[in-house]
Amino acid sequence: MLTVQAVVNGTCSVSNANLNFGNIIPGANGEISTAIDQGATFQVTCSVGVPYSVDLDGGLASNGGSRAMTGPNNELMQYQLFQDPQNTIVWGSIFNGSP
């Protein structure tokens, strides 16, 4: 009798997306007085039945819980990432997906 066996491991992939805030001209004191609303999407695709989690950290210039990016002279610009188009659900460290 021949026994055949195979193990198929679950996999996940993430599509990459770029988020570009565009050219920003700060005010006289270096402040940015209006919110800049830009959007980008990414997609997580997993094998059927594979649970997943998404971890978005604070970025390369984060300070505690604030996300920030650095400019050419090491100045910081804070920003936030949201899960929804209405900007009401902030991306935390972990989002658990289900199969």
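Structure: above.
Calculation criteria
Along each chain, numbering runs from 1 in the same order as the chain's sequence is written. In keeping with the model being predicted, local features are shown solely for residues with a pLDDT of at least 70 and side-chain atom pairs are shown and tallied solely at 80 or more, while totals for entire chains, interfaces and linings include all residues. The basis for every side-chain value is the complete set of heavy atoms in the structure, and neither hydrogens nor water enter the calculation. Pairs of cysteine sulfur atoms within 2.5 Å are what we label disulfides. Going along the chain from the N terminus, every DSSP run of H or I of four or more residues is numbered as a helix, and every run of E of two or more is numbered as a strand. A 1.4 Å probe rolled over the protein chains alone gives each residue an accessible area, and that area as a share of the maximum for its type sets the label: buried under 20%, exposed over 50%, partly exposed in between. Contacts are residue-level and defined by heavy atoms, with any inter-residue pair within 4.5 Å sufficient. In the cavity and pocket records, a cavity denotes points on a 1 Å grid over the protein atoms alone where a 1.4 Å probe fits but cannot get out, a pocket denotes an open set with protein on both sides within 12 Å along at least 5 of 7 lines, and lining residues are residues with an atom within 4 Å of a point. Grid points are joined across faces, edges and corners, and a volume is the space filled by probe spheres set on the points. Ten residues, namely Ala, Val, Leu, Ile, Met, Phe, Trp, Tyr, Cys and Pro, are considered nonpolar, four, namely Asp, Glu, Lys and Arg, are considered charged, and the remaining ones, Gly among them, are considered polar.

Engineer: Run through the state of the cysteines, naming residues and quoting values.
Structural biologist: For the structure on display, the rule yields 1 disulfide. With a sulfur-sulfur separation of 2.0 Å, Cys12 is cross-linked through a disulfide to Cys46. Looking along the S-S bond of the Cys12-Cys46 disulfide, the torsion reads about 110 degrees, which is the right-handed sense. Within this pair, whereas Cys12 is found in strand β1 (residues 12-14), its partner Cys46 is found in strand β2 (residues 44-46), the two being separated by 34 residues in sequence. For Cys46, a relative accessible area of 23% translates into the label partly exposed.

Engineer: I'd love a proper account of the environment of Ala35, names of residues and values included.
Structural biologist: Inspection of the secondary structure puts Ala35 in the loop between β1 and β2. The class of Ala35 is exposed, set by a relative accessible area of 80%. Each C-alpha atom of the pair Ala35 and Tyr79 lies 9.4 Å from the other, and the pair is 44 residues apart in sequence.

Engineer: Tell me about the environment of Ser47, and please be specific about residues and values.
Structural biologist: By secondary structure assignment, the location of Ser47 is in the loop between β2 and β3 (52-55). Judged by relative accessible area, which is 27%, Ser47 ranks as partly exposed. In this structure the C-alpha to C-alpha distance between Ser47 and Val8, which are 39 residues apart in sequence, comes to 9.9 Å. Beyond its immediate chain neighbours, meaning those up to four positions away, Ser47 contacts Gly10 and Thr11.

Engineer: Account for unusual backbone geometry, naming residues and giving values.
Structural biologist: Even without being glycine, Asn87 reaches a positive phi, approximately 60 degrees. You can see Asn87 is positioned in the loop between β5 (76-79) and β6 (94-97). Asn87 sits in the partly exposed class, given a relative accessible area of 32%.

Engineer: Can you break down the layout of surface pockets residue by residue, with the values?
Structural biologist: Its volume calculated, the largest pocket comes out at about 980 Å³. Along its surface, the largest pocket is lined by 32 residues, and Leu19, Ala40, Gln80, Leu81 and Phe82 are the ones closest to its centre. Among the secondary structure elements, those contributing two or more residues to the lining of the largest pocket are β4 (67-70) and β5. The element contributing the most residues to the lining of the largest pocket is β5, with 3 residues. Of the residues belonging to the lining of the largest pocket, the class tally is 17 nonpolar, 11 polar and 4 charged. Taken as a whole, the second largest pocket spans an internal volume of roughly 310 Å³. Along its surface, the second largest pocket is lined by 15 residues, and Ile24, Ile32, Gly71, Glu75 and Met77 are the ones closest to its centre.

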